[in-house]
Amino acid sequence: MALNPDCIIVTIDGPSGAGKGTLSQLLAQRLGYRLLDSGALYRLVALSSLNKAIPMSDEASLVHCAAGLDVVFSPAEGGVQVLLEGQDVTTAIRQEQVSMRASEVAAIDAVRSALLQRQRDFATAPGLVADGRDMGTTVFTHAQHKFYLTASAEARAQRRYQQLLERGEQVDLPALIADIEARDQRDQSRASSPLRPADDAKVIDSTNLSIEQVLAHMMVTIGA
Ligand code: DC
């Protein structure tokens, strides 16, 4: 992929719950860059395929679903509103059932290929912050700044637990840890674009760091 000097790309990869989403949003705001939440695309394929009752065994229909996603990301109060076929699915794509299926559809190579160009199209001047699992290793290999953000499974589960409690949802912490470990295992062991740091990524372990500390570290590294 050719380097476009007019578009600075910052990639933030890592496992779920490491704080990538919040940090990517904050970083994009600070830098005045566009934001790509690539996980939302896999979640949208998951939700759309569940809505259409497409079984996991029907790979051709899952790929068709990914290629034809009718999605709009629009800036909203405190984040981004996600519209699928005109319907607001911002909350629906965060349900646990959708998370699990997203991880399964993300393991299908042809689904990943179907989403590749859509992700690359987000790169426009002056820059892009791309949040995902393979931003630095596959989608934007030429990115000027690459980060790999991680934290222990317990710390990540604990953060998710707090979020769900605040939303008034009933949750079981040990089950959450088991879910996160199962998802990590699948994301790291799949044949297609497995989750791993790019060779030129800066690895940050956020287990004992606040969002503000990580953000400050990233800003200094980027030289902004
Ligand atoms: O970041 P997230 O939890 O919203 O991602 C949802 C799922 O999609 C997760 O199982 C990992 C997968 N994913 C991926 O395989 N590649 C990406 N670039 C982003 C997410």
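Being a predicted model, the structure only gives us computed values, none of them experimental.

Basis of the calculations
- Residues numbered from 1 in each chain as written.
- Predicted model: local features only at pLDDT ≥ 70, side-chain atom pairs only at ≥ 80, totals over all residues.
- Heavy atoms only, no water.
- Near = heavy atom within 4 Å.
- Polar contact = N/O pair within 3.5 Å; in protein donor to acceptor, adjacent residues only side chain to side chain.
- Nonpolar A, V, L, I, M, F, W, Y, C, P; charged D, E, K, R; others polar.
- Core = buried A, V, L, I, M, F, W, Y, C linked by side-chain atoms within 4.5 Å.
- Buried < 20%, exposed > 50% of the residue type's maximum accessible area, 1.4 Å probe, protein only.
- Contact = heavy atoms within 4.5 Å.
- Axes fitted to C-alpha atoms, helices over the stretch in contact; angles between N-to-C directions.
- Helix = DSSP H or I, 4+ residues; strand = E, 2+ residues; numbered from the N terminus.
- Parallel < 35°, antiparallel > 145°, perpendicular 65-115°, else oblique.
- Pairing = 2+ DSSP bridges.
- Lys, Arg positive; Asp, Glu negative; His and termini not counted.
- Salt bridge = Lys/Arg side-chain N within 4 Å of Asp/Glu carboxyl O.
- Phe/Tyr/Trp six-rings, centres within 6.5 Å; stacked < 30°, edge-to-face > 60°.
- Left-handed = near helix turned anticlockwise from the far one by under 90°.

*Asks:* Before we move on, could you go through the site of the ligand and cite the residues and values that matter?
*Replies:* Within the structure, the ligand sits among 16 residues, and Arg 43, Arg 112, Arg 133, Asp 134 and Arg 190 are positioned closest to it. Within the contact set of the ligand, a nitrogen atom lies 3.0 Å away from a side-chain nitrogen or oxygen of Ser 38. Looking at the shell around the ligand residue by residue, the class counts come to 4 nonpolar, 4 polar and 8 charged.

*Asks:* For the nonpolar core, give the residues involved together with the corresponding values.
*Replies:* Taken as a class, soluble globular proteins show a tendency for nonpolar side chains to be buried jointly. Within the largest apolar cluster, 35 residues are counted, with the highest numbers of intra-cluster contacts made by Leu 36, Leu 44, Leu 69, Val 111, Leu 115 and Phe 140. With sequence-adjacent residues up to four places away left out, Leu 115 is seen in contact with Leu 41, Tyr 42, Val 45, Ala 66 and Leu 69. Among the nonpolar cores identified, the runner-up in size contains 17 residues, and Ile 12, Phe 147, Leu 149 and Leu 215 belong to it.

*Asks:* Describe the packing of helix H2 (residues 38–51) against helix H4 (residues 96–105), listing the residues and the values that go with them.
*Replies:* Relative orientation of the contacting elements H2 and H4 amounts to 110°, with a least axis distance of 8 Å. Of the possible angle classes, the one that applies to H2 and H4 is roughly perpendicular. Judged by residue contacts, Tyr 42, Arg 43, Val 45, Ala 46, Leu 47, Ser 49 and Leu 50 of H2 engage Gln 97, Val 98, Ser 99, Arg 101, Ala 102 and Val 105 from H4.

*Asks:* Lay out the environment of Thr 221 with the relevant residues and their values.
*Replies:* When you line up the elements, Thr 221 lands in helix H9 (residues 211–222). Look at Thr 221 and you get partly exposed, because its relative accessible area is 25%. Here the alpha-carbon distance between Thr 221 and Lys 146, two residues 75 residues apart in the chain, equals 9.9 Å. Sequence-distant contacts of Thr 221, that is, excluding residues within four places in its chain, are made with His 145, Phe 147 and Lys 202.

*Asks:* Give a description of the pairing of strand S3 (residues 71–76) that names residues and reports values.
*Replies:* The two faces of a sheet get side chains in turn, since along a regular strand they alternate between them. Bridge analysis of S3 against strand S4 (residues 79–84) gives 6 bridges, and the strand direction is antiparallel. Opposite Ala 76, over in S4, you have Gly 79 as the bridge partner. In sequence, S3 turns back onto S4 through a hairpin of 2 residues, with Gly 78 there showing a positive phi of about 70°.

*Asks:* Residue-level account of the sheet that holds strand S5 (residues 87–88), with values.
*Replies:* The strand order S3-S4-S5 describes an open sheet built from 3 strands, whose pairing is antiparallel. Both edges of this open sheet fall to S3 and S5, since each of them pairs with a single strand only. In the sheet, S4 pairs with S5 via 2 bridges, with the strands oriented antiparallel. Within S5, the position partnered with Leu 84 by the bridge is Gln 87. Contacting S3 and S4, H2 crosses the sheet at an angle of about 125° to S3.

*Asks:* Quick one: what's the story with the side chain of Asp 13, residue by residue and with numbers?
*Replies:* Inspection of the secondary structure puts Asp 13 in strand S1 (residues 8–13). For the buried Asp 13, no salt bridge is present, and the opposite-charge side chain at shortest range is Arg 133, 6.9 Å distant. A distance of 3.2 Å separates a polar side-chain atom of Asp 13 from the backbone nitrogen of Asp 134. Each residue touching Asp 13, except ones within four places of it in the same chain, is listed here: Lys 20, Gly 132, Arg 133, Asp 134, Met 135, Gly 136, Thr 137, Phe 147, Tyr 148 and Leu 149.

*Asks:* So what's going on with the packing of aromatic side chains? Residues and values would help.
*Replies:* Any aromatic ring pair is given by two values, namely how distant the centres are and how the planes are angled relative to each other. According to the stated counting rule, one finds 1 aromatic pair in the structure shown. With 6.0 Å between their ring centres and 70° between their planes, Phe 73 and Phe 122 make a pair best called edge-to-face. You can see Phe 73 sitting in strand S3 and its partner Phe 122 sitting in the loop between helix H5 (109–120) and strand S6 (127–132), a full 49 residues away along the chain.

*Asks:* Residue-level account of the sheet that holds strand S2 (residues 34–37), with values.
*Replies:* A sheet is described by the order of its strands in space; here 5 strands give the open sequence S2-S6-S1-S7-S8, paired in parallel fashion. What marks the edges here is a single partner per strand, and that holds for S2 and strand S8 (202–205). Between one strand axis and the next, the sheet turns through 20° on average, direction left out of account. Summarising the sheet, S2 and S6 pair through 4 bridges and their orientation is parallel. Bridging from a neighbouring strand, Leu 36 pairs with Ala 130 of S6.

*Asks:* Please provide a residue-by-residue account of the packing of H2 against H5, values included.
*Replies:* Contact pair H2 / H5: the axes reach a minimum separation of 11 Å and the direction vectors enclose 135°. With respect to each other, H2 and H5 are oriented oblique. The way H2 lies across H5 gives a crossing that is right-handed. Residues Ser 38, Leu 41, Tyr 42 and Val 45 of H2 touch H5, and the partners they reach there are Val 111, Arg 112, Leu 115, Arg 118 and Gln 119. Its residues assigned to classes, the contact of H2 with H5 shows 5 nonpolar, 2 polar and 2 charged.

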